[in-house]
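Geometric and topological summary
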Amino acid sequence: MFALSEPDLFIRQVSTNVSTLLEMSPETLLGCSIESVFGAQQFETFRSQVLNNEPLSAKLLRIPANGRAVEMHCIAHRHDGVLIVEFDLVHGTHSLEPLELDPHIRIPLGRMEQATDIRDLFRLAAEQIRRLSGFDRVMVYRFDEGWNGEVIAEAVGAALPVLYLGSRFPESDIPAQARQLFLMNPSRSIADVAAKPVPIIPEIGPLTGTPLDLTRSCLRSVAPIHLNYLRNMAVQSSMTLSIVVNHRLWGLMACHGARPHRLDQPTRSVCELMVQVFASQVTLRIDNVALQSRLTSRRTLEKYMAGIESSESQAQVGHFEGAQLLDLLAADGLVSRVEGLVSYRGATVTEELLLPVIARLQNVSARGIASSNMLGALDPGAESYASEASGALYIGLTEGTGDYLLLLRRELVETLVWAGNPDKAASLDESGRLRPRASFAAWKETVRGRSLPWSDLELEMASFVREQLLRLRESDKLRKSEEHVRYLAKYDALTGLLNRHAIHLKLEQCVKVAEADHSQIAVLFIDLDHFKPVNDRYGHAAGDQILKITAKRMQHQVRSEDCVGRLGGDEFIIILPGLSLETNVLAVVERILRTVERPIEVEGETRVNVTASIGLSRYPVDATTSEALISRSDMAMYRVKGSGGNAFDLFRADQVKDEANTTG
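Everything numeric here is computed off the predicted structure, so don't read it as measured data.

**A look at the pairing of strand 22 (residues 521-528)**
Successive side chains on a regular strand alternate, one facing one side of the sheet and the next facing the other. For strand 22, a buried count of 8 out of 8 residues is recorded, marking the element as mostly surrounded by other parts of the structure. Of the two faces of strand 22, the one holding Ile 521, Val 523, Phe 525 and Asp 527 and the one holding Ala 522, Leu 524, Ile 526 and Leu 528 are both buried throughout. Sheet topology note: the strand 22/strand 24 (residues 571-577) ladder contains 7 bridges and is antiparallel. Each bridged residue has a counterpart across the sheet, and for Phe 525 the counterpart in strand 24 is Ile 573.

**Considerations on the pattern of salt bridges**
For the structure on display, the rule yields 27 salt bridges. The shortest N-O distance in the salt bridge between Glu 23 and Arg 68 comes to 3.1 Å. Here the residue Glu 23 occupies a position in the loop between helix 1 (18-21) and helix 2 (26-29), and Arg 68 occupies one in strand 4 (residues 68-79), the gap between them amounting to 45 residues. Ionic pairing is found between Asp 649 and Arg 639, a salt bridge with its closest N-O pair at 2.9 Å. Within this pair, whereas Asp 649 is found in strand 28 (residues 647-650), its partner Arg 639 is found in helix 18 (residues 626-642), the two being separated by 10 residues in sequence.

**So, the layout of surface pockets**
Each pocket or cavity is described by its volume, and for the second largest pocket that value is around 1,300 Å³. Forming the boundary of the second largest pocket are 42 residues, of which Asn 17, Lys 196, Val 198, Leu 219 and Arg 220 lie nearest the centre. Going through the elements one at a time, helix 1, strand 5 (82-89), strand 9 (187-190) and strand 11 (237-245) are the ones with two or more residues in the lining of the second largest pocket. Its residues assigned to classes, the lining of the second largest pocket comprises 27 nonpolar, 7 polar and 8 charged.

**What about the pairing of strand 27 (residues 612-619)?**
Taken across its 8 residues, strand 27 has 8 buried, putting it largely inside the fold. Residues of strand 27 alternate between two faces, with Ala 612, Ile 614, Leu 616 and Arg 618 on one and Ser 613, Gly 615, Ser 617 and Tyr 619 on the opposite face, all of them buried. Two elements, strand 22 and strand 27, share 8 bridges in a ladder whose sense is antiparallel. Note that in strand 27 the partner of Ala 522 across the bridge is Arg 618. When strand 27 meets strand 28, the two strands line up parallel, connected through 4 bridges. Residue Gly 615 lies in a different strand from strand 28, and its bridge partner there is Asp 649. At this point the chain moves from strand 27, through helix 18, to the parallel strand 28, and the crossover so formed is left-handed.

**A few points about the packing of helix 5 (residues 101-113) against helix 6 (residues 118-133)**
Relative to each other, helix 5 and helix 6 sit at 170 degrees, their axes nearing to 10 Å. The pairing of helix 5 with helix 6 is recorded here as roughly antiparallel in orientation. Side by side, helix 5 and helix 6 meet where Pro 103, His 104, Pro 108, Arg 111 and Met 112 of the first sit next to Leu 121, Leu 124, Ala 125, Gln 128, Arg 131 and Leu 132 of the second. For the contact of helix 5 with helix 6, the per-class residue count stands at 7 nonpolar, 2 polar and 2 charged.

**Brief notes about empty space enclosed by the protein**
Per the stated rule, a full pass over the model turns up 2 cavities of 30 Å³ or more. Within this model, the largest cavity holds a volume of roughly 50 Å³. Here the residues of the lining of the largest cavity sort into 4 nonpolar, 3 polar and 2 charged. Of the pockets and cavities examined, the second largest cavity occupies roughly 40 Å³. Considering the residues around the second largest cavity, the lining is formed by Arg 294, Ser 297, Arg 298, Leu 301, Leu 457, Glu 460, Met 461 and Phe 464. Its residues assigned to classes, the lining of the second largest cavity comprises 4 nonpolar, 1 polar and 3 charged.

Thresholds applied
- Residues numbered from 1 in each chain as written.
- Predicted model: local features only at pLDDT ≥ 70, side-chain atom pairs only at ≥ 80, totals over all residues.
- Heavy atoms only, no water.
- Buried < 20%, exposed > 50% of the residue type's maximum accessible area, 1.4 Å probe, protein only.
- Helix = DSSP H or I, 4+ residues; strand = E, 2+ residues; numbered from the N terminus.
- Pairing = 2+ DSSP bridges.
- Salt bridge = Lys/Arg side-chain N within 4 Å of Asp/Glu carboxyl O.
- 1 Å grid on protein atoms, 1.4 Å probe; cavity = no way out; pocket = protein on both sides within 12 Å on 5 of 7 lines; lining within 4 Å.
- Points joined across faces, edges and corners; volume = space filled by probe spheres on them.
- Nonpolar A, V, L, I, M, F, W, Y, C, P; charged D, E, K, R; others polar.
- Right-handed = clockwise from strand over helix to strand, strands pointing away.
- Axes fitted to C-alpha atoms, helices over the stretch in contact; angles between N-to-C directions.
- Parallel < 35°, antiparallel > 145°, perpendicular 65-115°, else oblique.
- Contact = heavy atoms within 4.5 Å.

Structure (structure tokens):
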């Protein structure tokens, strides 16, 4: 292995076994051009490839060494600004040379494409990789959601028994760091577990100031614990190929040999290609099954929701066609709370017992959906009803009322076969070093307190149910609020008085009646004095409380045929039809002034005093249209406010002249 600087391609680090394989001194190579290793002609080809940023694929080289040529495959890659070049000796490797397209690639790919089902695909893939690689045993190893592995296919030579098919391996056998490496690198080979690691000199790279990062290296050494692990399995050589499905490490193709076994680079490349095609086939088949299931489920759900939509009230939604919902989501029971009504169907547990679980699921829900297949992990008390419910799917309907649907699944008692006791995956030896487990004999475990997990498709279906129920709820709410909408079209939402539009219409009607029977109308324009400072000091909630109390007080001071309205903010209009100034109008005005100024209690203890400025206009004396009557009472009110407020005044004809002079 060589670490080169660019663009000069000088050797900055080298593995010490260069002296054994190429009969060159590692110390004398440091600081020299890699040309001294390649030879002039091969160096020019390599340099051109590097300078043009061409893919650094494997090349067969003949390296001159003391008058002879050593055949080696050259593999190069860049990492952390270092060009890492690895030479793999051709002699003694398992090779497919001459590489033939039909038997080595086309026919195996065709067999995998024609596999009748996905398990047949697993079996064929294991067989093809064993035949191509020459290993004694090849296993397809699939990860579950907890990163435990299961051998789902195993291919062995004629004289070997099938040992691990159906066996499980704990997550600790391939920890997260190793899984990340497998996701980054398509393959990992160990030609001989007894091989001795070779030092790299200098240990600290002059280009980076750190040890050489061999994350993507083909020839990097292996952790001692993993080598011991393989020895305990009676494995002398291995190759691991990554199975990546939808950008996730789905599983591994594990190849084991009972003797040292080294593959040349082209053979490894063919195996990597085969596994990539296998992963594509797995992806295609999984996606096709998921698509068909999704389409079928969506059609069924749409029919189900159409039936719910025809129900008379949302209270029925909690249990309408509950049996069908259980079938759709493969559940054994349903607990629902809708508009305060708790309903049960199927194998259920009382809501009281489920409340801790419901609370936890609510807290972790995403867009109203959460699930668990082990309720005991959410609430220790769930163990008491595990046989009836060990899994739950939560569908939150509203946050305010706590409405929900909770689908339950019974306990699924499983007997798992592990390759060795998973609780004894590793231990410490006498010197305190970590050592792997030594036994891979079948070890059975009975798992309780868990249900069948909720699949992504089922969670998607639950989300669809939730969306449709919320839509129906909104439709129901809109239907119920039609009357309220009509109310708001006429009345002020805060005070319940006629709103601006309605008070104008009412005054127009009063003017028509007065015109017909030659009666009079008094219009009061009322504005609360210094209300903004009160609002700023005590807050809008207190301000709204003052407006509501003031509105009620004014209503109590007028007759049933009189009209009180709110124009907006702290402005009010009172229409007094049939009253003249000489009769009761002035008495009404005086009563309103006195009732408004009475203290109002806010925030429990604070007493607030507000007053009013009132302007008065009359029909037909001051104006004959509703707009003019309101405008002129407004003018009179502003004259009162300018004089300090807490009083009233009549409209005066000279105000119109003043206004005309000002605007003219």
